[in-house]
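# A structural walkthrough
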Amino acid sequence: MSIAIPGDVSASRGTAAWGAVLSMTLGVIVLIASEFMPVSLLTPIADTLQISEGQAGQAISISGVFAVLTSLASSSFVARHDRRLVTLFFTSLLIVSGAIVALAPNYVVMMGGRALLGVAIGGFWSMSTATIMRLVPKDAVPKALALMNGGNALAATVAAPLGSFVGSLIGWRGTFSVVVPLAAAAMAWQFLAMPRMPPRNGEMPTGNVFRLFRHSQVVYGMAAIFLFFTGQFALFTYLRPFLETVTSVDVSTMSLILLAIGVAGLAGTSVVGAILRSRLFTLLITIPVLMAVIAVALVFLGGSTVSTATLLGLWGLVSVPVPVVWGTWLTRTVPDDADAGGGLMVAIIQLAITLGATVGGLLFDASGYRSTFLLSALLLCGSSGLAVLTWRTAGSRGAQKATS
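Residues numbered from 1 in each chain as written. Predicted model: local features only at pLDDT ≥ 70, side-chain atom pairs only at ≥ 80, totals over all residues. Heavy atoms only, no water.

## A look at the overall build of the chain
Applied cut-off: By definition, any uninterrupted DSSP run of H or I lasting at least four residues is a helix, any uninterrupted run of E lasting at least two residues is a strand, and each is numbered from the N terminus. The buried label applies to any residue whose accessible area, calculated with a 1.4 Å probe on protein chains only, is under 20% of its type's maximum; exposed applies above 50%, and partly exposed to all values in between. We call two residues in contact when some of their heavy atoms are within 4.5 Å. Accessible surface area values rest on a Shrake-Rupley calculation with a 1.4 Å probe, where residue burial reflects the displayed protein chains alone.
Tallying secondary structure elements over the chain gives 15 helices and zero strands in all. Taken across its 404 residues, the chain has 53% of its residues classed as buried. In the chain, the proportion of contacts linking residues at least 24 apart, taken out of those at least 6 apart, comes to 86%. Split by element, the accessible area of the chain, about 16600 Å² in all, is 68% carbon and sulfur.

## What to know about unusual backbone geometry
Even without being glycine, Gln 50 reaches a positive phi, approximately 55°. Relative to the assigned elements, Gln 50 resides in the loop between helix H2 (42-49) and helix H3 (53-73). Non-glycine residue Ser 248 carries a positive phi angle of around 60°. Within the secondary structure, Ser 248 is located in the loop between helix H10 (239-247) and helix H11 (251-301). Ser 248 sits in the exposed class, given a relative accessible area of 55%.

## Notes on the nonpolar core
Rule in force here: Residues belong to a common nonpolar core when they are buried Ala, Val, Leu, Ile, Met, Phe, Trp, Tyr or Cys residues joined through side-chain atoms within 4.5 Å.
Core analysis: the biggest nonpolar cluster contains 117 residues, and Leu 135, Met 222, Ile 225 and Trp 329 have the highest contact counts within it. Top contributing element to this core by residue count: H11, with 19 residues.

## What about the packing of helix H1 (residues 18-36) against helix H8 (residues 179-193)?
Where we set the bar: Between N-to-C directions, angles span 0 to 180 degrees; the directions come from axes that are lines fitted to C-alpha atoms, helices contributing only their stretch in contact. Our angle categories are set so that under 35 degrees counts as roughly parallel, over 145 as roughly antiparallel, 65 to 115 as roughly perpendicular, and the remainder as oblique. Left-handed describes a crossing whose near helix is turned anticlockwise from the far helix through less than a right angle; right-handed describes the clockwise counterpart. Side-chain classes follow a simple rule in which Ala, Val, Leu, Ile, Met, Phe, Trp, Tyr, Cys and Pro form the nonpolar group, Asp, Glu, Lys and Arg form the charged group, and the remainder, Gly included, forms the polar group.
In contact at an axis separation of 9 Å, H1 and H8 are set at 160° when each is read in the N-to-C sense. Taken together, the axes of H1 and H8 are roughly antiparallel relative to one another. In the packing of H1 onto H8, the handedness of the crossing is left-handed. On the side of H1, the interface is formed by Gly 19, Ala 20, Leu 22, Ser 23, Met 24, Leu 26, Gly 27, Val 30 and Ser 34, while H8 contributes Val 179, Leu 182, Ala 183, Ala 185, Ala 186, Trp 189, Gln 190 and Ala 193. Looking at the contact of H1 with H8, its residues break down into twelve nonpolar, five polar and no charged.

## Points about the packing of aromatic side chains
Keep this limit in mind: Within 6.5 Å between ring centres, the rings of Phe, Tyr and Trp (the latter by its six-membered ring) count as paired, and their orientation is classed by plane angle as stacked under 30 degrees, edge-to-face over 60, tilted in between. To sit over a ring, a charge needs its Lys NZ or Arg CZ within 6 Å of the ring centre and within 35 degrees of the ring normal.
This model, assessed by the stated rule, comprises nine aromatic pairs. Seen from their ring centres, Phe 89 and Phe 90 are 5.4 Å apart, and the 55° between their planes marks the pair as tilted. Geometrically, the ring pair formed by Trp 326 and Trp 329 is edge-to-face, given 5.1 Å between the ring centres and 85° between the ring planes. Note that Trp 326 and Trp 329 are positioned in helix H13 (residues 322-333) at a spacing of three residues, about one turn of the helix. What makes Trp 326 buried here is its relative accessible area of 2%. Using a relative accessible area of 1% as the deciding quantity, one classes Trp 329 as buried. Site record: aromatic cluster; members linked through ring pairs are Phe 242, Tyr 369 and Phe 373. Stacked on the ring of Phe 191, the Lys or Arg Arg 84 has its end atom at 4.8 Å from the ring centre.

## So, H10
The buried count for H10 comes to seven of nine residues, which makes it a mostly enclosed element. Within H10, the full set of buried residues consists of Leu 239, Arg 240, Pro 241, Phe 242, Leu 243, Val 246 and Thr 247. Directly after H10, the chain includes Ser 248, whose backbone phi takes a positive value near 60°.

## Things to note about the environment of Leu 26
Structurally, Leu 26 is set in helix H1. Residue Leu 26 is classed as partly exposed on the basis of its relative accessible area, which comes to 22%. Spatially, the C-alpha atoms of Leu 26 and Asn 152 are 9.3 Å apart, while their sequence positions differ by 126 residues. Setting aside residues up to four positions removed in sequence, Leu 26 forms contacts with Ala 185, Ala 186 and Trp 189.

## Concerning the side chain of Thr 87
Residue placement: Thr 87 occurs in helix H5 (residues 83-103). Setting aside residues up to four positions removed in sequence, Thr 87 forms contacts with Phe 124, Met 127, Gln 190 and Met 194.

## Remarks on the pattern of salt bridges
Rule in force here: Salt bridges are defined by distance alone: a side-chain nitrogen of Lys or Arg within 4 Å of a carboxyl oxygen of Asp or Glu.
Throughout the structure, instances matching the rule amount to one salt bridge. The partner of Glu 244 in a salt bridge is Arg 240, and the shortest N-O contact between them spans 2.9 Å. Residue Glu 244 and its partner Arg 240 are located together in helix H10, separated by four residues, close to a single helical turn. For Arg 240, a relative accessible area of 8% translates into the label buried.

## What about the environment of Leu 280?
Relative to the assigned elements, Leu 280 resides in helix H11. Between the C-alpha atoms of Leu 280 and Trp 326, which are 46 residues apart in sequence, the distance is 8.7 Å. Leave out the neighbours within four places in its chain, and Leu 280 touches Ile 275, Val 325, Thr 328, Trp 329 and Arg 332.

## Here we look at the confidence of the model for the chain
Here is the rule: What pLDDT expresses is the predictor's confidence in each residue, scored from 0 to 100.
Here the chain shows a mean pLDDT of 83. Residues at 70 or above account for 87%. Counting interchain partners and residues more than four positions distant, the pLDDT-below-50 stretch residues 398-404 has zero contacts.

Given below as structure tokens:
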């Protein structure tokens, strides 16, 4: 008995492979949940492997490093192979990574598993937009991308609180082992639902993504993105040890606080679309400032459970929608080169997450949470300033077009 594999979908003829889109969405959920799960498990990981919490935080850093390298280098590989097989390959790496981390006898092996996860993240995201464009007709691409990014938001919402809750029941190793069957289910679905997508005649790699830096608005915008996510994850990565040692909450309360961050983030994402049409740069400039104020407030009010929970809820409300806001800016800035721009933005975000977790961990170990949180505030203010420059550059560019 053989399994029939769908043939190449011709989106231009109106054929949409929504089952394949949903299978990719499940893959995104598992990928993002795996990436950020260590945020809520730093303390038990550090205790088991006899390392510091800052070292445990580097599990996020190393996946970011390999995601950056893969997102910048994989376009040539993807363009020369069947996208269905490449998708299955990156999903298989997710399975192997989860198994390695769950069974890791020491820190080095765990970091190796996290490096494989980074390859899966960078490879999957760098090809996702172009793959979606092969699976659905042109007019359905925004809907398909929104569906996949919805999986991203869902995973970012539940990863930390679910990881904390499940970890309290079956330990951090058991929590990471849950990734394996979920990733296997995503891979099986992809195998059955995704059509063959061989390279098309004349399809070539997208080239050097750094060519976009010839535009000053892109330079300022990408720099603002880099500072924003560095500042965000310098703080966010070390919330668990902060909540345990400063706010002094138990695991259940901590899980509720982390869940509140995610729920507030989903609420923010649901309303930001209506504001984007007329207030894009207002959001890009003010959101980092609000987050910087929250970071400083946590330094002074972190001992109060109610104050901390309220501040972190506000943090989630304004921070989670930011990728949508910057993504909208990107489509308006380089509408004819969105694939290259998207790949560049993914690499910069992953690099920023890596640097934020690394520097935040070093400061957390060396001088405590205050220096880490104040660094976060400083970086976020820098992002706001660069967003102002991006806005002014965009205005000058629009004026030049209007008079030309």
